[in-house]
Amino acid sequence: MENILHVGLDVGSTTVKIIVMDKNKNTIYKDYQRHFSDTKNTVCRVLEDLLVRFASSSFTLALTGSGAMSAAKFLGVNFIQEVVSCKRSVEKYIPKTDVVIELGGEDAKIIYFDQSIEQRMNGTCAGRNRGFFGSNGFFITYEYSWLK
């Protein structure tokens, strides 16, 4: 019987992340690597490592992230926009969620789940400085004065 594993690859503005799940959607492997603006070689290394680790398996593969569209086209695999991917995952796995804040390397995305979906994006560098909290902290009534 063929062992099919499901792979998600997130090629972001600063990192490449991979997750591998078995047929029951259990996470069996994950990795996180900074790409230092060398996305193509980092993606190749991550995928080569995948083939070594799971040599006897077949894969489904989908890519997301700001740097993934060209890679997905080159590889001939599915691309899903990262906010859409996040929204679908939350709706499926944690459906009682009110809000999601996703901090990326270069931006932050906020998705409000209510009677209708509302999405906001902060284009300033997100989690690595006080820009995110300074711009969006009042939306989540979070005390951020300690960042000053």
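What you see is a predicted model, and the numbers here were worked out from it, not measured in a lab.

Trainee: Before we move on, could you go through the packing of aromatic side chains and cite the residues and values that matter?
Mentor: Applying the stated criterion to the full structure yields one aromatic pair. Measuring from centroid to centroid gives 6.1 Å for Tyr-29 and Phe-54, while their planes differ by 70°, and the two rings are edge-to-face. Of the two residues, Tyr-29 is situated in strand E3 (residues 27-34) and Phe-54 in the loop between helix H1 (39-53) and strand E4 (57-64); the sequence distance between them amounts to 25 residues.

Trainee: Could you give an account of the side chain of Thr-97, naming the residues involved and the relevant values?
Mentor: Of note, Thr-97 is situated in the loop between helix H3 (82-93) and strand E6 (99-103). Judged by its relative accessible area of 18%, Thr-97 is buried. One polar contact links the side chain of Thr-97 to the main-chain carbonyl oxygen of Ile-94, over a distance of 2.6 Å. Look past the residues within four positions of Thr-97 in its chain and what remains in contact with it is Val-90 and Phe-113.

Trainee: Go over the layout of surface pockets with me, naming the residues and quoting the values.
Mentor: The calculated volume of the largest pocket comes to roughly 1,400 Å³. Every residue lining the largest pocket is counted, 43 residues in all, and those nearest its centre are Gly-8, Ile-19, Thr-64, Ser-85 and Ser-89. For the lining of the largest pocket, the secondary-structure elements that each account for two or more residues are strand E1 (3-11), strand E2 (15-21), E3, E4, strand E5 (78-79), H3 and E6. At seven residues, H3 tops the list of elements feeding residues into the lining of the largest pocket. Residue composition of the lining of the largest pocket, by class: 14 nonpolar, 16 polar and 13 charged.

Rules of the game
- Note on numbering: residues in each chain are counted from 1, in written sequence order.
- Restriction of local features to residues with pLDDT of at least 70 applies here, the model being predicted, together with a cutoff of 80 or more for giving and counting side-chain atom pairs; totals for whole chains, interfaces and linings are based on all residues.
- Excluding hydrogens and water, the side-chain values take into account all heavy atoms of the structure.
- The aromatic pairing rule takes the rings of Phe, Tyr and Trp, using the six-membered ring of Trp, and pairs them if the centres are within 6.5 Å, calling planes under 30 degrees apart stacked, those over 60 edge-to-face and the rest tilted.
- Secondary structure elements follow DSSP: runs of H or I of four or more residues count as helices, runs of E of two or more count as strands, with numbering from the N terminus.
- With a 1.4 Å probe rolled over the protein chains alone, any residue whose accessible area is under 20% of its type maximum counts as buried; one over 50% counts as exposed, and the rest are partly exposed.
- Between N or O atoms, a polar contact is any pair within 3.5 Å; within protein, one atom must be a potential hydrogen donor and the other a potential acceptor, and residues adjacent in sequence are included only when both atoms are from side chains.
- A contact between two residues is defined here by any heavy atoms of the two lying within 4.5 Å.
- Here a cavity denotes grid points, spaced 1 Å and computed from the protein atoms alone, that fit a 1.4 Å probe unable to get out, and a pocket denotes an open set having protein on both sides within 12 Å along at least 5 of 7 lines; residues with an atom within 4 Å of a point are the lining.
- Grid points are joined across faces, edges and corners, and a volume is the space filled by probe spheres set on the points.
- Side-chain classes follow a simple rule in which Ala, Val, Leu, Ile, Met, Phe, Trp, Tyr, Cys and Pro form the nonpolar group, Asp, Glu, Lys and Arg form the charged group, and the remainder, Gly included, forms the polar group.

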